[in-house]
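Results of the structural survey
One letter stands for each residue in the lines below.
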Amino acid sequence: MANSPQARKRARQAVKRRARNASHRSMVRTYIKKVVAAVDAGDKAAATTALGDAIPVIDRMADKGIMHHNKAARHKSRLAAKVSALS
């Protein structure tokens, strides 16, 4: 248990940050799922649009440290490959 005022404050900040990070992670997963759903439906136009929406979000989360840069690159690469395979 945090005893010093500084440790109590850091614990409060950690709770807020954990909630914010979880929200951001969930948002990224939702964008990724939208691309995969469009690819599975075979809708090239929707998949391309969803990919265009997802890539900046993935990059932003990698910059914020929510996701590792290599993981972000891997997601973008695999999604782009799935979308390009539709044509």
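Here's a quick rundown of the structure. What you see is a predicted model, and the numbers here were worked out from it, not measured in a lab.

Description of the overall build of the chain
- The helix and strand inventory of the chain stands at three helices and zero strands.
- The secondary structure elements of the chain, listed N-terminal to C-terminal, are α-α-α.
- Its C-alpha radius of gyration of 17 Å places the chain more than 25% over the 12 Å reference for a compact globule of 87 residues.
- Principal-axis analysis of the C-alpha atoms gives the chain an extent of 60 × 20 × 15 Å.
- Expressed as a percentage of the 87 residues in the chain, the buried residues total 22%.
- Partitioning the intrachain contacts of the chain with sequence separation of at least 6 by distance along the chain shows that 57% fall at a separation of at least 24.
- As presented, the chain carries roughly 6,000 Å² of accessible surface, and 53% of it is formed by carbon and sulfur atoms.
- Taken as two groups, the 20 positive and 5 negative side-chain charges of the chain have centres that lie 17 Å from each other.

As for helix α1 (residues 5-41)
- Taking 1.5 Å per residue, 37 residues should reach 54 Å; α1 reaches 54 Å between its end C-alpha atoms and fits that length.
- In the core, the buried residues of α1 are packed alongside α2 (44-64) and α3 (69-84).
- Two residues or fewer after α1 comes G42, characterised by a positive phi angle close to 80°.

Observations concerning the side chain of H24
- As for its placement among the helices and strands, H24 is situated in helix α1.
- Among the residues examined, H24 registers a relative accessible area of 18% and is labelled buried.
- Contacts of H24, omitting those with residues within four sequence positions, involve M61 and I66.

Cut-offs used in this document
Residues numbered from 1 in each chain as written. Predicted model: local features only at pLDDT ≥ 70, side-chain atom pairs only at ≥ 80, totals over all residues. Heavy atoms only, no water. Helix = DSSP H or I, 4+ residues; strand = E, 2+ residues; numbered from the N terminus. Rg over C-alpha atoms; globule rule 2.2 N^0.38 Å. Buried < 20%, exposed > 50% of the residue type's maximum accessible area, 1.4 Å probe, protein only. Contact = heavy atoms within 4.5 Å. Areas by Shrake-Rupley, 256 points an atom, 1.4 Å probe, with all protein chains shown as cover. Lys, Arg positive; Asp, Glu negative; His and termini not counted. Charge placed at Lys NZ, Arg CZ, Asp CG, Glu CD. Expected span 1.5 Å × (residues − 1).

Geometric descriptors of this kind do not, in isolation, establish any biological role.
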